[in-house]
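Chain residues, written in single-letter form:
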Amino acid sequence: GEDVEQSLFLSVREGDSSVINCTYTDSSSTYLYWYKQEPGAGLQLLTYIFSNMDMKQDQRLTVLLNKKDKHLSLRIADTQTGDSAIYFCAESIGTDKLIFGTGTRLQVFP
Amino acid sequence: DTGVSQNPRHKITKRGQNVTFRCDPISEHNRLYWYRQTLGQGPEFLTYFQNEAQLEKSRLLSDRFSAERPKGSFSTLEIQRTEQGDSAMYLCASSPYNEQYFGPGTRLTVT
């Protein structure tokens, strides 16, 4: 079946790195995504990775994919207070629907 | 083009009334998706269009829900005989192929 799991909370100090983890169950996922949601807002696409890749880097963001363990992570370097939000991991199969996790709330403190 | 837009942003309705939401996708995106998000949860897929064809509907979409995309551009989502359990944020996304770009959502409150 399709299931995506994330830890609920992460708290980091400003300037440190944040690592948000996600596990998924469907081995036929083709793309895996990270979205950011701020209070009362829609979802902002941060980055995504094709399932045959191990890593993708985009400025302060690094995505690591371990397909064998079905584990995805998002590392945010030099975390800022503006990074405080809920981060959702999602998987897709083909070009159809996204299956989302429950989200990880990132809190950045000074 | 400024992204996906949704109207209205907020809707308060009484139980039993019908409501309709509109989504305008990013131009030239041929795929359009509707999701529902309740408090503390991730979005859940409702339905998906490629151009004007509705290709998939979730089991969450009861017969009180209907969606259209008549000319392959904007889409509407209608809920008939609303129930309190329909209170949620309704999100629309459009996609050229792999990535889905979300609108700001319509928050529905059923009293």
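Preceding this section is the structure that the text describes.
Residues numbered from 1 in each chain as written. Chains lettered and ligands numbered in written order. Predicted model: local features only at pLDDT ≥ 70, side-chain atom pairs only at ≥ 80, totals over all residues. Heavy atoms only, no water.

K.L.:
Explain the interface of chain B and chain A to me, please; I cannot follow it from the model alone.
P.N.:
Accessible area lost when the parts come together is the quantity often used to give the size of an interface. Between chain B and chain A, the residue contacts involve 22 residues of the former and 18 residues of the latter. Across the chain B/chain A interface, buried area totals approximately 1600 Å², and carbon plus sulfur atoms make up 53% of it. In this assembly, chain B and chain A are joined by 1 salt bridge. Our count for the chain B to chain A interface comes out at 6 residue pairs in polar contact (both at pLDDT 80 or more). When contributions to the side of chain B that touches chain A are tallied by element, the ones reaching two or more residues are β4 (31-37), β5 (44-50), β9 (88-95) and β10 (101-102) of chain B. If one sorts the elements of the side of chain B that touches chain A by residue count, β4 of chain B sits on top with 4 residues. Looking at the side of chain B that touches chain A, its residues break down into 11 nonpolar, 7 polar and 4 charged. (Contact = heavy atoms within 4.5 Å. Buried area = accessible area lost by both parts, 1.4 Å probe. Salt bridge = Lys/Arg side-chain N within 4 Å of Asp/Glu carboxyl O. Polar contact = N/O pair within 3.5 Å; in protein donor to acceptor, adjacent residues only side chain to side chain. Helix = DSSP H or I, 4+ residues; strand = E, 2+ residues; numbered from the N terminus. Nonpolar A, V, L, I, M, F, W, Y, C, P; charged D, E, K, R; others polar.)

K.L.:
What's the story with the sheet that holds strand β7 (residues 65-68) of chain B in this structure? I'm lost.
P.N.:
Backbone hydrogen bonds hold the strands of a sheet together, and the pairing may be parallel or antiparallel. All names here are of chain B. The 4 strands lie next to each other as β1-β3-β8-β7, forming an open sheet whose pairing is antiparallel. At either margin of the open sheet sits one strand with a lone partner, and together these are β1 (5-7) and β7. Across the sheet, the axes of successive neighbouring strands diverge by a mean angle of 15 degrees, strand direction being ignored. Here β1 runs beside strand β3 (residues 19-24); their pairing, made up of 3 bridges, is antiparallel. When the sheet's bridge partners are listed, Asn7 is paired in β3 with Arg22. (Pairing = 2+ DSSP bridges. Axes fitted to C-alpha atoms, helices over the stretch in contact; angles between N-to-C directions.)

K.L.:
Would you mind going over the side chain of Asp83 of chain A with me for this structure?
P.N.:
Residue and element names in this part refer to chain A. Looking at the element boundaries, Asp83 is found in the loop between β8 (71-76) and β9 (85-92). What makes Asp83 buried here is its relative accessible area of 8%. At a separation of 2.8 Å, a polar atom in the side chain of Asp83 contacts the main-chain amide nitrogen of Gln80. (Buried < 20%, exposed > 50% of the residue type's maximum accessible area, 1.4 Å probe, protein only.)

K.L.:
It is not clear to me how the sheet that holds strand β1 (residues 4-6) of chain A should be interpreted in this structure. Could you clarify?
P.N.:
Residues and elements named next belong to chain A. One open sheet accounts for 5 strands, arranged β1-β3-β8-β7-β6; its pairing is antiparallel. Of all strands in the sheet, those with a lone pairing partner are β1 and β6 (55-58), marking the two edges. Neighbour to neighbour, the strand axes of the sheet diverge by 15 degrees on average, direction disregarded. Sheet topology note: the strand β7 (residues 61-66)/β8 ladder contains 6 bridges and is antiparallel.

K.L.:
Teacher, can you tell me more about the pairing of strand β6 (residues 53-57) of chain B here?
P.N.:
Consecutive residues of a regular strand have side chains that alternate between opposite faces of the sheet. Residues and elements named next belong to chain B. Judged from the 4 bridges that link them, β5 and β6 form a sheet pairing that is antiparallel. Note that in β6 the partner of Thr47 across the bridge is Lys57. Counted between consecutive antiparallel strands, the loop separating β5 from β6 contains 2 residues, among which Asn51 sits at a positive phi close to 55 degrees.

K.L.:
Is there a simple way to think about the state of the cysteines in this case?
P.N.:
Linking two cysteines covalently via their sulfur atoms produces the bond known as a disulfide. Taken as a whole, this structure holds 2 disulfides over all chains when the rule is applied. For Cys22 of chain A, the disulfide goes to Cys89 of chain A, at an S-S distance of 2.0 Å. The chirality of the disulfide connecting Cys22 of chain A with Cys89 of chain A is left-handed, given an S-S dihedral of about -60 degrees. Placement of the pair is Cys22 of chain A in strand β3 (residues 18-24) and Cys89 of chain A in strand β9, with a sequence separation of 67 residues. Like Cys22 of chain A, the residue Cys89 of chain A is buried in the burial classification. One disulfide bridge connects Cys23 of chain B with Cys92 of chain B, the sulfur atoms lying 1.8 Å from each other. Across the S-S bond of Cys23 of chain B and Cys92 of chain B the torsion is about -65 degrees, and the bridge reads as left-handed. One end of the pair, Cys23 of chain B, is in strand β3; the other, Cys92 of chain B, is in strand β9, and 69 residues separate them in sequence. The burial state of Cys23 of chain B is the same as that of Cys92 of chain B; both residues are buried. (Disulfide = S-S within 2.5 Å.)

All quantities given are derived from atomic positions and should not be read as evidence of function.
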